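One letter stands for each residue in the lines below.
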Amino acid sequence: MKKWMGLILALVLCLALCAIALGEAERTEATEFAFELAAEETLYLENLIFNEPVTVSGDYGQIMFANCVFNADVINAADVFTRVFILPDCEVNGNLILRNSVKEATIETALPKYIIYVPAPVVCEDCVGVVVALGTFDVEFNAETYHLTDATLFYDGTKPENGMVPYQGQEANCYMVGQWWENGEKTILVECEYDPGM
């Protein structure tokens with residue numbers, strides 16, 4: 001799974017760099033605010049201004065927003081896996097909300113997530129979800145501020161055979177904050193990684 005995540009992150013970074021290289025395109029006001037993704041679908045949206053809440057639904061898909069402005073909340077309503085990418089040239093003036101019907105999970109569960117290149121407040125309602133910060137900026141998750149140094153686990157993308165190890169100050173360039181319940185007990189996990197592709 002880590003290899004796939006690395007490949008996806010490299011693809012997203014390439015798309016973001018291409019968008020930046022082409023210069024900032026003029027943004028237009030969005031007219032569509034609900035996006036239901038099919039399994040394994042990837043949707044790429046760019047140069048839009050969303051003045052109403054955006055809802056992303058459907059499991060096992062991903063949607064990438066480039067050079068977009070969100071003047072309302074973004075809601076990831078998927079139960080499993082679906083990833084919402086907020087690329088570096090976006091502006092978020094609302095909350096990123098995780099809203100689903102799942103509570104029980106494990107660290108191996110493919111949780112729905114936001115993958116963000118810019119700081120934005122994340123609200124994970126009474127459900128499971130993850131935010132991945134592609135950078136070392138602080139993450140606001142359910143009104144608590146987390147830092148990369150809060151991580152308890154570490155993954156080195158140059159040494160995948162080591163798997164997850166305790167975080168002890170190793171060099172990292174991204175991290176995640178996740179929430180789920182396992183056997184009825186709430187878990188908040190902060191895990192960081194070193195991704196050589198970033």
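Residues numbered from 1 in each chain as written. Predicted model: local features only at pLDDT ≥ 70, side-chain atom pairs only at ≥ 80, totals over all residues. Heavy atoms only, no water.

S.K.: What is the right way to read the overall build of the chain from this model?
M.R.: When its secondary structure is counted, the chain shows 1 helix and 20 strands. Burial statistics for the chain: of 198 residues in total, 48% are counted as buried. Residue pairs at least 24 apart in sequence account for 45% of intrachain contacts in the chain once pairs closer than 6 positions are excluded. Counting only carbon and sulfur atoms, one obtains 53% of the accessible surface of the chain, whose full area is about 9,500 Å². (Helix = DSSP H or I, 4+ residues; strand = E, 2+ residues; numbered from the N terminus. Buried < 20%, exposed > 50% of the residue type's maximum accessible area, 1.4 Å probe, protein only. Contact = heavy atoms within 4.5 Å. Areas by Shrake-Rupley, 256 points an atom, 1.4 Å probe, with all protein chains shown as cover.)

S.K.: Looking at this structure, how should I read the pattern of salt bridges?
M.R.: A complete count under the given rule lists 2 salt bridges for this structure. Put simply, E125 and R99 hold a salt bridge, and the shortest N to O gap is 2.8 Å. Pair noted here: E125 is in the loop between strand 13 (122-124) and strand 14 (129-133) and R99 is in the loop between strand 11 (96-98) and strand 12 (113-116), with a separation of 26 residues, a long-range link. Given a relative accessible area of 37%, R99 falls into the partly exposed group. When the shortest N-O distance is used, the salt bridge between K103 and D126 registers 3.4 Å. Residue K103 is located in the loop between strand 11 and strand 12, and its partner D126 is located in the loop between strand 13 and strand 14; the two are separated by 23 residues in the primary sequence. On the basis of relative accessibility, which here comes to 53%, the residue D126 falls in the exposed class. (Salt bridge = Lys/Arg side-chain N within 4 Å of Asp/Glu carboxyl O.)

S.K.: Help me understand unusual backbone geometry, please; the structure alone is not making it clear to me.
M.R.: Glycine aside, the phi torsion of most residues is negative, and most peptide linkages are trans. Residues other than glycine seldom take positive phi values, yet E40 does so here, at roughly 65°. Position of E40 among the secondary structure elements: in the loop between strand 2 (34-36) and strand 3 (42-46).

S.K.: What should I look at first to understand the nonpolar core in this one?
M.R.: Formed by 42 residues in total, the largest nonpolar core has its most connected members in F50, V54, F65, F70, I86 and L96. With 16 residues, the next largest nonpolar core counts I115, C174, M176 and L189 among its residues. (Core = buried A, V, L, I, M, F, W, Y, C linked by side-chain atoms within 4.5 Å.)

S.K.: Hey, could you run me through the pairing of strand 17 (residues 153-156) in this one?
M.R.: Along any regular strand the residues' side chains alternate between the sheet's two faces. In the sheet, strand 17 pairs with strand 18 (residues 164-166) via 3 bridges, with the strands oriented antiparallel. Paired with F154 across the bridge in strand 18 is V165. As paired elements, strand 17 and strand 20 (residues 185-194) share 4 bridges and run parallel to each other. Bridging across to strand 20, Y155 finds its partner in E193. (Pairing = 2+ DSSP bridges.)

S.K.: Would you mind showing me how to read the side chain of N76 here?
M.R.: Looking at the element boundaries, N76 is found in strand 8 (residues 74-76). The exposure class of N76 is buried, given its relative accessible area of 0%. Here the side chain of N76 touches A78 through a polar contact of 3.1 Å, landing on its backbone nitrogen. One polar contact links the side chain of N76 to the main-chain carbonyl oxygen of T82, over a distance of 3.2 Å. Apart from the residues within four sequence positions on either side, N76 is in contact with V56, T82, V84, I97, L98, R99, P112, K113 and Y114. (Polar contact = N/O pair within 3.5 Å; in protein donor to acceptor, adjacent residues only side chain to side chain.)

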